[in-house]
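Report on the structure
Residues per chain are reported as follows:
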Amino acid sequence: MAGIAFDQRDGEIWYNGVFVPWKDAKLHVLTHGLHYASCVFEGERAYGGEVFKLEEHTERLHTSANVLGFELPYSSEEINAATRELLARQNLVDAYVRPVAWRGSEMMGVSAQHNRINVAIAAWEWPSYFKPEERLKGIRLDMAEYRRPDPMTAPYKSKAAGLYMICTLSKHAAERKGYADALMLDWRGQVAEATGANVFFIKDGKIHTPTPDCFLDGITRRTVIDLARARGFEVIERVIMPEEMEGFEQCFLTGTAAEVTPVSEIGPYNFQVGEITKVLMEDYHASVQPVADIKAAAAG
Ligand SMILES: Cc1ncc(COP(=O)(O)O)c(C=O)c1O
């Protein structure tokens, strides 16, 4: 097991409006969010002490909660201020930030109309993965058995804990076979995404990515599309069938945790880590740096 268990660390966690000692940030076993997955969360990264696109992540947390039928009892301004204060109190510079909101313990059953909505934010050190020599080899993905569900059967616009059940199952199965991750198709059999990241392909200088109509339209995904278009690359969002992977030359994943990660293999299909992937890795790395640092670098 890597590192100190997450319930045994030192520091503080913002919990329902106050900073509590890390080890005291507990909840009861009879918590609705635990039993019925009435829980939403975010995954954010701080670079140089600032969370990249904090406002967008906080907005998505609110949207995720609304899609699951509840309101966060804190405004975006309060959550953003709490996040910034948490980073400062924890002396964190390059960090992962995990806001989470869930229905509490007042009622225990499928219906929990009046349960308290709890919100917590934790942050821990997480240096940027940007080690070109390692990442440039590309990661290997298995094909997942589970598929992203039909929007009629799951609230896909919410970053809801319940939607990760099939992701953990798929990632565990892939890891048992020696792969880093798994590519999930959707319920129609179209290419969807990896278990915690979006997917892109490149062929003849053009970038192709599945239309996010049943999976998360990642903040990194949108950032990378903008960066690619700013470089003059054509980005095509469309239906991609798995057999098409045979003809793609390059592939990469995008996500807050994954950043831009080249892929060398998906099941029987192989890809090179090519120039366009490398350029987008570098552009993304540059774009996540805090504005103050970029200005300082430009001023020499
Ligand atoms: C299932 C899934 N898809 C895609 C993403 C990428 O989203 P983002 O770029 O907003 O981190 C994530 C990560 O949050 C994810 O968990």
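Residues numbered from 1 in each chain as written. Predicted model: local features only at pLDDT ≥ 70, side-chain atom pairs only at ≥ 80, totals over all residues.

The name given to the chain in an unreviewed UniProt entry is Branched-chain-amino-acid aminotransferase, and the organism recorded there is Stappia sediminis. The chain has a UniProt comment under Cofactor (unreviewed entry) that states "pyridoxal 5'-phosphate". Comment text from UniProt for the chain, heading Function (unreviewed entry), reads "Acts on leucine, isoleucine and valine." (UniProt positions renumbered as here; feature names shortened; annotations may be inferred.)

1. Observations concerning helix α5 (residues 165-176)
Between its first and last C-alpha atoms α5 spans 17 Å; for 12 residues at 1.5 Å apiece the expected length is 16 Å, and the two agree. Burial in α5 covers these residues: S170, K171 and A174. Seen along its axis, α5 keeps its buried residues to an arc of 95°; they face one direction. With respect to the buried face of α5, the exposed residues turned more than 90 degrees away are M165, T168, H172 and R176. Looking one or two residues beyond α5, the residue adopting positive phi is G178, at roughly 90°. (Helix = DSSP H or I, 4+ residues; strand = E, 2+ residues; numbered from the N terminus. Expected span 1.5 Å × (residues − 1). Buried ≥ 20, exposed ≤ 12 C-beta atoms within 10 Å, placed from the backbone. Arc of directions from axis to C-beta.)

2. A word on unusual backbone geometry
Of note in the backbone geometry, N16 takes a positive phi value of approximately 50° without being a glycine. Residue N16 is classed as partly exposed on the basis of its C-beta count, with 14 C-beta atoms lying within 10 Å. The phi dihedral of E259 is positive, around 55°, even though this residue is not glycine. Along the polypeptide, E259 turns up in strand β15 (residues 259-266).

3. Looking at the site of the ligand
Neighbouring residues of the ligand: 14 residues in total, closest G218, I219, T220, G255 and T256. Mapped by element, the contributors of at least two residues to the shell around the ligand are α6 (219-230) and β14 (250-255). Along the lines of polarity and charge, the residues of the shell around the ligand split into four nonpolar, eight polar and two charged. (Near = placed C-beta within 6 Å. Nonpolar A, V, L, I, M, F, W, Y, C, P; charged D, E, K, R; others polar.)

4. Focus: the domain arrangement of the chain
As far as domains go, the chain holds domain 1 (12-125) and domain 2 (132-287). With centres defined by C-alpha atoms, the gap from domain 1 to domain 2 works out at 26 Å. If you look at the interface, domain 1 gives 16 residues, while domain 2 gives 10 residues. Among the elements of the structure, β3 (39-41), β4 (44-47) and α2 (54-67) are those that each provide at least two residues to the side of domain 1 that touches domain 2. Ranked by residues supplied to the side of domain 1 that touches domain 2, first place goes to α2 with six residues. (Domains from an automatic or database assignment. Contact = placed C-beta atoms within 7 Å.)

5. A closer look at the nonpolar core
Core analysis: the largest hydrophobic core is formed by 63 residues, its most contacted members being I121, L141, L183, A194, C251 and V263. Shared between two domains, this core holds at least three residues of each, these being domain 1 (12-125) and domain 2 (132-287). Every residue in contact with L183, bar those within four places of it in the chain, is listed here: L141, M143, A144, V191, A194, V199 and I266. (Core = buried A, V, L, I, M, F, W, Y, C linked by C-beta atoms within 7 Å.)

6. As for the environment of I79
Along the chain, the position of I79 falls in helix α3 (residues 76-89). Sequence-distant contacts of I79, defined by excluding residues within four places in its chain, comprise T58, Y74 and P99.

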